[in-house]
Amino acid sequence: MKTRQDPHIVVVGAGVGGLTAAALLVKAGLQVTVFEAHVYPGGSAGTFYHQGYRFDAGATLAGGFAPGGPHERIGQMLGITWPVQPVNPAWVTLIEGKPVFQWADRERWREEIAQNFPESGAFWRIQEWLAEQAWQVSARDFPYPPQSLQELGRLAAALRPTTLLAAPFGLLTIGHLMPRRASQRLKVFVDSQLLISAQTTSPFANALYGSAALDLPRRGVNHVRGGIGQLAGTLAKWLTDNGARLYYRQQVERIQLGEDGWIRVKTRKGLEVEADGVVANLTPWGLAEVLGEHLPRRLQDEMQSRPKGWGAFTLYLGLERSFLNNLPADHFQVIADVNRPLGDGNSVFISLSPEDDPLRAPPGMRAATLSTHTPVEDWWFDDRSAYEEKRQFYTEKMLATAEMALPGIRRAVRLCLPGTPRTFAFYTRRPYGMVGGFPQTSLLAARGSWTGIPNIWLVGDSIFPGQSTAGVTLGAIRVARQVVDYYAERRKAKTIIHLKRDMSHST
């Protein structure tokens, strides 16, 4: 039962990471207030309503529901039943028109890769073994990168003999594991999977992280009924049912630091609350904006040295169902030309709302989200006509690529809403419209939750293990434990001080 002595934590941002951390803190007995700038929860994994359609704004599939997976664990901890149903195949990758099916069943997947990439058997065997080690470690709340002596101890306790055998691969990349005579098609296939799951390609993707990322389709990929935003909606309902305060349309504009560690959080609408700590479901750039003059030098240096992440160009389409017959899946990844760089319309991820989900589209229609990687810097210029011309060019390019998976898609379009990094920045309040977190290259450079301020923590796709609802959930589990540990240590220190005072008075 909460008392006035329980720490009060403000969570800034109702994305999946922020809401998961908030729920775990409530369950641990802390007082929690959540501020969300938008009118609904979810952030990058939100679902918005427009003209009878519910479009997934960013993420469209959710992994981590297999036994021991992060969502499955959170469901057990909180007594939550997630509104999900398995997807198999997770998606179909079309490389210049030829399909590769991402089956959930391992035996079927092994047959698929043997048929498509006969030179790569050894590569997939080591990838599967490394992925298993990585997922086992994550299930033991492996605190990486460690940020305290407590976490160093937990990290050591989580090690197993197989973990130590896999450790040397932490210094390698997926490129080091690839066959020497890998076909261009194999390289493009692996790179396209890594780009959507690790934000980088095989020459740079860390071998351990990349192996786990390539294994995501075998780890419980699910469609979320009503749209992926229902994950956040389920968490939000749990929070309000269990005593947390959750405010929408309340964008935090300033976090002020006072003496003795207290924090004052102010919103643009004039709401002010005092807190003992803050969990910020923001990027480092977003946190910098609200800290203002309190921005620590280390965080300032990081933003100047760290490259900005990827953005996305997205099309939200309302499609007439009669033009979409005999499709092998609801989700497709299309690579138009293996000789051109991925992203910018050459590789497109397509997600169609399931035919049996009536919440997603009007009768006879289907909602679709199409997305491609694009550098955020390429969209921030002042010439409005040039911006609109570029947006139209990308729209046509995306539709042309999508035709390879959905012949006749142009004739099916009844609604078309393009979104750029500028659009994403406006609606999600993410600076520059960055999505997906940072590229997962060296584990030695993995970013933790630190902010330079002891009682403010980052959560979300900016911290390891990064993007995806599964990734941010793992990060949130760790951050919630850091917050609980922090206040437990403070309480212990105060108790020791009081005992010393009592002893000195008694003598």
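Scroll up a little and you will see the structure.
Here we summarise the structure given alongside this text.

Cut-offs used in this document
Residues numbered from 1 in each chain as written. Predicted model: local features only at pLDDT ≥ 70, side-chain atom pairs only at ≥ 80, totals over all residues. Heavy atoms only, no water. Pairing = 2+ DSSP bridges. Helix = DSSP H or I, 4+ residues; strand = E, 2+ residues; numbered from the N terminus. Axes fitted to C-alpha atoms, helices over the stretch in contact; angles between N-to-C directions. Buried < 20%, exposed > 50% of the residue type's maximum accessible area, 1.4 Å probe, protein only.

**Some thoughts on the sheet that holds strand β10 (residues 252–257)**
Neighbouring strands of a sheet are bound in pairs by backbone hydrogen bonds; such pairs are parallel or else antiparallel.
Now for step 1: Across the sheet, which stays open at both edges, the three strands sit in the order β10-β11-β12 with antiparallel pairing between neighbours. The strands lining the two open edges of the sheet, one partner per strand, are β10 and β12 (272–275). Going across the sheet, the axis of each strand differs from the next one's by a mean of 20°, ignoring polarity.
Now for step 2: Here β10 pairs with strand β11 (residues 263–267) via five bridges, running antiparallel. Note on β11: the bridge partner recorded for R254 is K266.

**Regarding unusual backbone geometry**
Now for step 1: The omega torsion across Y144 and P145 is -10°, close enough to zero to call that bond cis.
Now for step 2: Tracing the backbone shows P145 in the loop between α4 (121–139) and α5 (149–158).
Now for step 3: In this chain, F464 is followed by P465 through a cis amide linkage whose omega measures 10°.
Now for step 4: Residue position: P465 is located in the loop between β19 (456–458) and α16 (469–506).
Now for step 5: A positive phi angle, close to 55°, is found at R249, a residue other than glycine.
Now for step 6: Secondary-structure assignment places R249 in the loop between β9 (245–247) and β10.
Now for step 7: Its identity as a non-glycine residue notwithstanding, N326 has a phi of 60°, on the positive side.
Now for step 8: Within the secondary structure layout, N326 lies in the loop between β14 (310–320) and β15 (331–335).
Now for step 9: What makes N326 exposed here is its relative accessible area of 79%.

In short, geometric facts, not functional conclusions.
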